[in-house]
Amino acid sequence: MKFFIDTADVAEIKDLAETGLVDGVTTNPSLIAKSGRKFLDVVKEICAIVDGPVSAEVTALDFETMLREADVLRRLADNVAIKVPLTRDGLKACKRLSSEGTLVNVTLCFSAAQALLAAKAGAAFISPFVGRLDDIGSEGMELISDICEIYANYDFDTEVLVASVRSPMHVLEAARLGADVATVPPGVLRQMYGHPLTDKGLEAFAKDWAKTGQSIL
Ligand code: G3P
C-alpha cells in the first residue's frame, strides 16, 4: 500500500519524507489556502522533496480553462499529477490529459458510478472521500469496497486513492480492502506509528539496559 501525505505544509512534508515512507503528496485548494503561500511555489517545492506523484488541483470548472490550468501545473515538474473534479468537464479533461500521458487524479468522488466513469476516462487515481461520507452518516468504507471490486472486475489500472482520511482506522480498513493508496494528514501518519505500549516497553528496556552498564558503541 502506498502512503501519500495530504497537506501543502512543506515543513511537514520534509519531516515525514525523511522516514522514507512517503510515496507522494496530495494538495487541494483548501490546503493551499491553509498554507498561506503561493500555489505554484508550493507545488514546485513539494515536487523537489518527493519523487512520487504530487497532486495539484485545477480550480476552473469548465473544460477549456481546466486544460489551460493543467498545462501550467504540469510544467512545474515531471511528477505533478493533475487533480480534476468529478464533473462532466472534469472527466472530459481527465480523458484528454490522460491520453497525453499526464497523470490525472479525479477528486471529490462520492459514488461507485462516478468512480467507474473516472476509470473509463483513464484516471491514474480516483479519490473517494471517506471521511466526508462518514460525516453525513454514510459508510465511507463501503464505497472503497465497491470501487475495489468494480475495478478488479475489469482490470482497470486506475488506483484507488482513499482520501478524506481522518484516523488510523480509516487507513487500516482501506488496507484490508486492498486500496492502492491512502492519502493521510500528517497527524494521522504520526498517530499510526505511536503506541503507548511501545513507549512503555522502551522505557523499561532503557532502564534495564542502564543497569548492565554496557554500551554498543
Ligand atoms: O485532498 C482531499 C481530502 O483528503 C480532503 O479531506 O478532511 O478535507 O475531507 P477532508
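Structure shown above.
A few points on the structure. (Residues numbered from 1 in each chain as written. Predicted model: local features only at pLDDT ≥ 70, side-chain atom pairs only at ≥ 80, totals over all residues. Heavy atoms only, no water.)

Some thoughts on the pattern of salt bridges
With the rule as written, the count across this model stands at 12 salt bridges. Of the charged contacts, one joins D15 and R190 as a salt bridge, the two residues approaching to 2.8 Å between their closest N and O atoms. With D15 in helix α1 (residues 10-17) and R190 in helix α10 (residues 186-193), this pair connects stretches of sequence that are 175 residues apart. By relative accessible area, R190 is classed as partly exposed at 28%. Here D208 and K211 are joined by a salt bridge, their closest N and O atoms 3.0 Å apart. Note that D208 and K211 are positioned in helix α11 (residues 196-212) at a spacing of three residues, about one turn of the helix. The class for D208 is partly exposed, based on a relative accessible area of 40%. Connected through shared salt-bridge partners, D71, R74, R75 and E100 make up one network. (Salt bridge = Lys/Arg side-chain N within 4 Å of Asp/Glu carboxyl O. Helix = DSSP H or I, 4+ residues; strand = E, 2+ residues; numbered from the N terminus. Buried < 20%, exposed > 50% of the residue type's maximum accessible area, 1.4 Å probe, protein only.)

As for the packing of α1 against helix α3 (residues 39-49)
At a minimum axis distance of 10 Å, the contact between α1 and α3 shows a crossing angle of 5°. Looking at the two axes, α1 sits roughly parallel to α3. Along its contact with α1, which presents V10, I13, K14 and A17, the element α3 presents V42, E45, I46 and I49. A breakdown of the residues in the contact of α1 with α3 according to their chemical character gives six nonpolar, no polar and two charged. (Axes fitted to C-alpha atoms, helices over the stretch in contact; angles between N-to-C directions. Parallel < 35°, antiparallel > 145°, perpendicular 65-115°, else oblique. Contact = heavy atoms within 4.5 Å. Nonpolar A, V, L, I, M, F, W, Y, C, P; charged D, E, K, R; others polar.)

Here's the deal with the side chain of T102
Within the secondary structure, T102 sits in the loop between α5 (88-99) and β5 (104-109). Excluding residues that lie within four positions of it along the chain, T102 makes contacts with R74, I82 and L97.

As for the site of the ligand
With respect to spatial proximity, the complete set of residues near the ligand consists of D6, N28, K83, F129, R132, A163, S164 and R166. A distance of 2.6 Å is found between an oxygen atom of the ligand and a side-chain nitrogen or oxygen belonging to R132. Taking R166, its side chain carries an N or O atom lying 3.0 Å from an oxygen atom of the ligand. Surface burial for the ligand is 82%, taken as the share of its 310 Å² of free accessible area covered by protein chains. For the shell around the ligand, the class distribution of residues is two nonpolar, two polar and four charged. (Near = heavy atom within 4 Å. Polar contact = N/O pair within 3.5 Å; in protein donor to acceptor, adjacent residues only side chain to side chain. Areas by Shrake-Rupley, 256 points an atom, 1.4 Å probe, with all protein chains shown as cover.)

Description of the pairing of β5
In terms of burial, β5 is largely enclosed, as five of its six residues are buried. By the bridge criterion, four bridges tie strand β4 (residues 80-85) to β5 in an arrangement that is parallel. Counted as the bridge partner of V84 is V106 from β5. Handedness of the crossover joining β4 and β5 through α5 is recorded here as right-handed. Here three bridges tie β5 to strand β6 (residues 125-128), and the two strands are oriented parallel to one another. The partner of C109 across the bridge, within β6, is P128. Tracing the backbone out of β5, into helix α6 (residues 112-120) and back to the parallel element β6 gives a crossover that is right-handed. (Pairing = 2+ DSSP bridges. Right-handed = clockwise from strand over helix to strand, strands pointing away.)

In short, shape yes, function no, at least from these values alone.
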